[in-house]
Amino acid sequence: MDFKLAAKEILENVGGPENLANMTHCATRLRLTLKDPSKANDDAVKEIDGVVNVVNKAGQYQILIGTEVPKLYDEFEALVTGEDGNVQVNNSGEHSGNIISNIFSAISAIFAPLLPALAGSGILRGLLILAVQTGVLSENSGTYSILNVASMSVFYFLPVLLAFTSARRFGASPYLSALIGAALLNPEFIALMGDTGNGATTSFLKIPVVLMNYNSTVVPIILSIWAFSYLYKFLDEKVPETLKLVVVPLISLAVMIPLTIIVIGPIGVYSGEAVAQVVNWLIERSSILTGIVIGGGWSVLVSLGIHWAVNPIMINNVSTYGFDYIVPFTFACNFAVIGTTIGVYFKARNNKLRSFALTGLVTVALSAIIEPTLFGLLVKNKKLFLAQIIGGAVGGAYLGLTKVVTNAFVFGSVTTFPAFVTDNTSNFIQAMIGLAIALVTSAILGYMFTEREEMLS
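Just so it is clear, the model here is predicted, and its values are computed rather than measured.

Definitions and limits used
- Residues numbered from 1 in each chain as written.
- Predicted model: local features only at pLDDT ≥ 70, side-chain atom pairs only at ≥ 80, totals over all residues.
- Heavy atoms only, no water.
- Helix = DSSP H or I, 4+ residues; strand = E, 2+ residues; numbered from the N terminus.
- Expected span 1.5 Å × (residues − 1).
- Bend = angle between axes of the 7 residues up to and from the residue.
- Axes fitted to C-alpha atoms, helices over the stretch in contact; angles between N-to-C directions.
- Parallel < 35°, antiparallel > 145°, perpendicular 65-115°, else oblique.
- Left-handed = near helix turned anticlockwise from the far one by under 90°.
- Contact = heavy atoms within 4.5 Å.
- Nonpolar A, V, L, I, M, F, W, Y, C, P; charged D, E, K, R; others polar.
- Buried < 20%, exposed > 50% of the residue type's maximum accessible area, 1.4 Å probe, protein only.
- Polar contact = N/O pair within 3.5 Å; in protein donor to acceptor, adjacent residues only side chain to side chain.
- Phe/Tyr/Trp six-rings, centres within 6.5 Å; stacked < 30°, edge-to-face > 60°.
- Lys NZ or Arg CZ within 6 Å of the ring centre and 35° of its normal.

Draft legend 1. Highlighting helix α12 (residues 287-304). With 18 residues, α12 should reach 26 Å at 1.5 Å per residue; the first-to-last C-alpha distance of 24 Å fits that figure. Of all the bends found along α12, the most pronounced is centred on glycine 297 and spans about 45°.

What follows is the structure, encoded as structure tokens:
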């Protein structure tokens, strides 16, 4: 794929730089917010080499590329960069569109850059637990300690990483933002809590302060950097250029770190915990129903590009509790996609269709990327889409019934199986059974719903 040419053609067919209100990307899609969506030529964009599909949902013009989308984004960004080196697109968080679409867009932009680190750390964590359970490593060994640090650091320092990506989204200084996140993890600040932990108190200029532990938290730092972006833009506009080097950082740190610790941080911690508790309560109350809804409906959310609204809940669960119930349901969806492609492969006689199904099987199994198969096959064939949804729902129901969890936030594939390795040895076994149910169910239905002379439309 010629990324430079593709970026140029995409930009031309979405109305040019002047029609862009915002641009970002996630794991597989170039996500654009267009000032006037009617200027985009969907058919022309779909014909561009490397473009799998176009989805215009949730206030975003989403162009499905695949896992190489960061390379395309780099070329795309270069095309809309002015002579002064500044990107001529409003990435500050003040976008056209409704609140919901802006929230989805912000979530995508904030979390997408961290997904490789989160996934890699999660797999390493699973392999480490497996090594301990099989006696290969001892928890008292130096090797275990070093690998444990390697696997858990991304979660511990999540506030720093999220501060950086949030700043890029909201239009604040990434480096000052990272310092705000780092201050929350400073050992001297943590020492103020003593043995009391969350809820310990101190004072700042005689103002009572409730102290919280912010390592592995998600919501507090995002709220803090969102608030900081307004202060930063105000200072950037009002402070003379000759004083900016000193005054802007001085005021930013002196104001935002106390404000975060006194007000924003506790609100973020309690609100994040409340959301996670509500979701986990629903799962505990009706885990089977939750498994059916998420396992069967996840592909629908992915097709609309709004699954990012759920990802932060999963990340927060893993970072806060060390496990998550929702990730396994997304596995059920992915393995139902694999099952459907198997059914199509064995039933269809058209070589092009069978080849596409086989490619989809391998892609999902190894990389967990379902979009090419979803848009190239399932969305176009409602019966096959239904086969996948049913398989995901049945597999999700079993995973919910047996309370299967993952120890990390990962995408569902064969390569991420270590995420199911926990101190409860039956968790992995039940996970494999649930995924097998999803795969076999959708494979049978996919076989039944496929015509022998089916063609790839």
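Draft legend 2. Geometry of the packing of α12 against helix α14 (residues 326-347). It is the contact of α12 with α14, at a shortest axis distance of 8 Å, that shows an interaxial angle of 50°. Our classification of the angle between α12 and α14 gives oblique. When you trace α12 past α14, the crossing you get is right-handed. Note on element contacts: α14 touches α12 through Ile326, Phe329, Thr330 and Cys333, opposite Ser287, Thr290, Gly291, Ile294, Gly295, Trp298 and Ser299. Within the contact of α12 with α14, the residues separate by chemical class into five nonpolar, six polar and no charged.

Draft legend 3. View of unusual backbone geometry. You will see that leucine 205, though not glycine, has its phi angle at about 50°, which is positive. Counting through the fold element by element, leucine 205 comes out in the loop between β5 (201-204) and β6 (207-210). Here leucine 205 falls in the exposed class, since its relative accessible area comes to 68%. Positive phi values are uncommon outside glycine, yet lysine 403 reaches one of about 55°. Residue placement: lysine 403 occurs in the loop between α17 (382-401) and α18 (425-449).

Draft legend 4. Structural view of the side chain of asparagine 427. Tracing the chain through its elements places asparagine 427 in helix α18. In this structure asparagine 427 comes out as buried when scored by relative accessible area, which is 5%. One polar contact links the side chain of asparagine 427 to the main-chain carbonyl oxygen of valine 405, over a distance of 2.9 Å. The contacts of asparagine 427, once residues within four sequence positions are left out, are Lys403, Val404, Val405, Phe420 and Thr422.

Draft legend 5. A look at the packing of aromatic side chains. All chains considered together, the criterion is met by 13 aromatic pairs. Centroid distance tyrosine 156 to phenylalanine 157: 4.9 Å. Interplanar angle 75°. Geometry classified as edge-to-face. On the basis of relative accessible area, tyrosine 156 is assigned to the partly exposed category, the value being 30%. We classify phenylalanine 157 as partly exposed; its relative accessible area is 40%. Of the aromatic side chains, those joined through ring pairs into one cluster are Phe331, Phe335, Phe417, Phe420 and Phe428. Seen from the ring of tyrosine 230, lysine 233 lies directly overhead, with NZ or CZ sitting 5.3 Å from the centre. One residue, arginine 354, lies across the ring of tyrosine 345, its end atom 4.1 Å from the ring centre.

Everything listed here is a matter of geometry and, on its own, says nothing about what the molecule does.
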